[in-house]
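Here is what each chain is made of, one letter per residue.
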Amino acid sequence: MSQIVKVANLHVSYQGAEIPAVSDVSYSVESSECLAIVGESGSGKSTTALATMKLLDPNAQITASEVRVGDFDIMSAKNSELLKIRRDFIGTVFQDPSSNWNPSRKIGDQLLQPFPKSERSSLESLLIEYMEQVGIDRAKDRLALYPYNLSGGMLQRAMIAGALLGEPKLLIADEPTSALDVTVQADLLRLLSQLQKSKSLSMIIISHNLAVVSQVSTRVLVMFAGTVVESGNTSDVLQRPKHPYTRNLIASIPGMQKRRKIPLVTVKNNKIPLSGCRYASRCRYAQDLCSITKPELREFQGQQVACHRIEEIELEQVNHQ
Ligand code: ATP
Ligand code: MG
């Protein structure tokens, strides 16, 4: 398996923010693999994924020892090269259909816009084919419609068809279903998963929703306050979470574990200490060391966990069972 994405020691700070949005995050995505990034709102999921194509707000300062997508060195790429990589190598599906569409332009024009004018008419028939593949009937007629003529679910399907147009190797789906009704969400996830497998795409899927992640991804990164606290095979992490934050995240979801639902408290990033473990102030296992020294991600029982006390916590859990 070859690596499609490699990110090493990524740091991102937005001007004026008290703490960095992303601190020392490293990850990779293998060819044909679906990696999920989960964590509560503001934990840095979108920033982490969008940095792979430098698609961040202009007030973001980004440093990394490596950001590579395919053979492209993203950190040193010029703007014109970045545009080409985004168009030809990466497809994107974002959260909210209404804010990603220009209400006054026809759907077909918007989906073809990233491509040179000379290529658009020949790409139109491919777009129709992809729209049909993703479940949009009468696709040719729909190209001439405006976004308000289609439902949210249909607009997301159209966005997926558009994302496939450049024959991408990598699909980045940032909360692709969270603005939709539950039944539409399930259909769309099934579609994304089928496409990812049938076209051997690599995919990064971002979600608050661990149920979503469990359906489509093979590996997961769990983020808290700009850091990765745990990563591993999705089924292992969901069934046997190790980091106290991951345990809490999973326990907060009804039906994910047999335990009672515990509400997950979201902490404002400006209340999070910069030194030590970012989770320390919320962690019931925290000791002095935790607020002084940052825990590194390290191998623990087949998963990568950033916690000084993981051995003792695991022992306590085992003794309680
Ligand atoms: P959500 O689940 O709400 O989408 P997220 O995990 O994707 O959250 P990010 O959007 O990456 O998180 O944000 C990480 C941190 O960076 C947050 O504290 C957020 O407020 C801050 N941030 C994000 N975008 C900007 C921006 N354009 N300018 C300033 N701060 C930003
Ligand atoms: Mg986000």
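Residues numbered from 1 in each chain as written. Chains lettered and ligands numbered in written order. Predicted model: local features only at pLDDT ≥ 70, side-chain atom pairs only at ≥ 80, totals over all residues. Heavy atoms only, no water.

A.B. asks: Could you give me a rundown of the overall build of the protein, with the residues and numbers involved?
C.D. replies: Each helix and strand in the protein was counted, giving 13 helices and 13 strands. Relative to a compact globule of 321 residues, whose C-alpha radius of gyration would be 20 Å, the protein shows 21 Å and is just as compact. Seen along its three principal axes, the alpha-carbon backbone of the protein occupies a region of about 65 × 45 × 40 Å. Sequence separation of at least 24 residues holds for 63% of the intrachain contacts in the protein that already meet a minimum separation of 6. As displayed, the protein has an accessible area near 15,300 Å², and 49% of this comes from carbon and sulfur atoms. Within the protein, one finds 36 positive and 33 negative side-chain charges whose respective centroids are separated by 3 Å. (Helix = DSSP H or I, 4+ residues; strand = E, 2+ residues; numbered from the N terminus. Rg over C-alpha atoms; globule rule 2.2 N^0.38 Å. Contact = heavy atoms within 4.5 Å. Areas by Shrake-Rupley, 256 points an atom, 1.4 Å probe, with all protein chains shown as cover. Lys, Arg positive; Asp, Glu negative; His and termini not counted. Charge placed at Lys NZ, Arg CZ, Asp CG, Glu CD.)

A.B. asks: Outline unusual backbone geometry, supporting the account with residue identities and numerical values.
C.D. replies: Even without a glycine there, the phi angle at Lys-54 is positive, about 50 degrees. Along the chain, Lys-54 turns up in the loop between α1 (45–50) and β4 (60–63). The backbone of Gln-301 sits at a positive phi, close to 45 degrees, despite the residue not being glycine. By the secondary structure assignment, Gln-301 is in the loop between β12 (298–300) and β13 (303–305).

A.B. asks: Could you give an account of the nonpolar core, naming the residues involved and the relevant values?
C.D. replies: Membership of the largest hydrophobic core comes to 64 residues, with the highest contact counts inside it found for Leu-127, Val-134, Ile-160 and Ile-205. Ranked by residue count, the leading element in this core is helix α7 (residues 152–164), at seven residues. One finds Ile-4, Val-22, Tyr-27 and Val-67 within the second-largest nonpolar core, a separate group that totals 33 residues. (Core = buried A, V, L, I, M, F, W, Y, C linked by side-chain atoms within 4.5 Å. Buried < 20%, exposed > 50% of the residue type's maximum accessible area, 1.4 Å probe, protein only.)

A.B. asks: Help me get a handle on the sheet that holds strand β10 (residues 219–224), residues and values and all.
C.D. replies: Reading across from one edge, β7-β8-β9-β3-β10-β11-β13-β12 is the order of the eight strands in this open sheet, with mixed pairing throughout. Either end of the sheet is taken by a strand with one partner, and the two such strands are β7 (90–93) and β12. Looking at each pair of strands side by side, their axes are set apart by 20 degrees on average, direction ignored. Strand contacts of α7: β7 and β8 (170–174), with the helix running at about 170 degrees to β7, the strand carrying the most contacts. Taken strand by strand, helix α11 (residues 244–251) contacts β3 (34–38), β10 and β11 (227–233), and its axis lies near 100 degrees from that of β10. (Pairing = 2+ DSSP bridges. Axes fitted to C-alpha atoms, helices over the stretch in contact; angles between N-to-C directions.)

A.B. asks: How would you sum up empty space enclosed by the protein? Please name residues and give values.
C.D. replies: Enumeration over the complete set of coordinates arrives at one cavity of 30 Å³ or more. Each pocket or cavity is described by its volume, and for the largest cavity that value is around 90 Å³. Around the largest cavity, the lining is made up of 14 residues, and of these Cys-277, Cys-283, Cys-290, Cys-307 and His-308 lie nearest the centre. (1 Å grid on protein atoms, 1.4 Å probe; cavity = no way out; pocket = protein on both sides within 12 Å on 5 of 7 lines; lining within 4 Å. Points joined across faces, edges and corners; volume = space filled by probe spheres on them.)

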